[in-house]
Amino acid sequence: MKLFGAKTVPLLILVVVMTGLVGQGEAHACGSTFFSALVQLIPCRAAVAPFSPIPPSEVCCNALKTLGQPCLCVLVNGPPISGVDRNMALQLPDKCTTNFEPCEISKK
């Protein structure tokens, strides 16, 4: 008896992953994981593109303030992200007028 078709399995995996990302605790909405922080801070992408003159949008700043400094630090210390300048990402708290402590950059 076949419960799932070949197309259903990848969809189920996606649902499980997304449920895990959304279901993280309130204290750290990003769950301190790289991928959940990345997904939730997508509105900031234009502001952190290499050589971008675009300031962070209100949506970006609201997401950053809601998610907090731990989420930003998870991204800064995670694997490289195509199209994202880490130095510009580190400037987001100042540009969004938040009171975050600076991220400690891990040495890899």
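Here the structure is shown first, and the text comes after it.
Scoring rules and cut-offs
Each chain carries its own residue numbering, running from 1 in the direction its sequence is written. Given that the model is predicted, a residue must reach a pLDDT of at least 70 before its local features are reported, and side-chain atom pairs must reach 80 or more before they are shown or counted; all residues, however, enter totals for whole chains, interfaces and linings. For side-chain calculations, the full set of non-hydrogen atoms in the structure is used, while hydrogens and water are omitted. Three labels apply to residues, based on accessible area from a 1.4 Å probe with only protein chains included: buried if under 20% of the type maximum, exposed if over 50%, partly exposed otherwise in between. Runs of E in the DSSP output that reach at least two residues are strands. Runs of H or I that reach at least four are helices, and both are numbered from the N terminus. Aromatic pairs are defined between Phe, Tyr and Trp rings, using the six-membered ring for Trp, whenever the two ring centres lie within 6.5 Å; interplanar angles under 30 degrees are classed as stacked, those over 60 as edge-to-face, and all others as tilted. Within this analysis, the arc is defined by the directions that extend from the helix axis to the C-beta atoms.

Before going further, it helps to spend a moment on helix α4 (residues 69-76). Within α4, six of the eight residues are buried, leaving the element largely enclosed by the surrounding structure. Buried within α4 we find Cys71, Leu72, Cys73, Val74, Leu75 and Val76.

How two aromatic rings sit relative to each other is set out by the distance from centre to centre and by the angle between their planes. Evaluation of the coordinates by the stated rule reveals one aromatic pair. Each ring, one from Phe34 and one from Phe35, has its centre 5.1 Å from the other, and the planes form 85°; the classification is edge-to-face.

Those residues of helix α3 (residues 58-67) lying buried are Cys60, Cys61, Ala63, Leu64 and Leu67. Down the axis of α3, the smallest arc covering the buried residues is 160°, so these residues share one side. Residues of α3 that are exposed and point over 90 degrees away from its buried face: Glu58, Val59 and Thr66.

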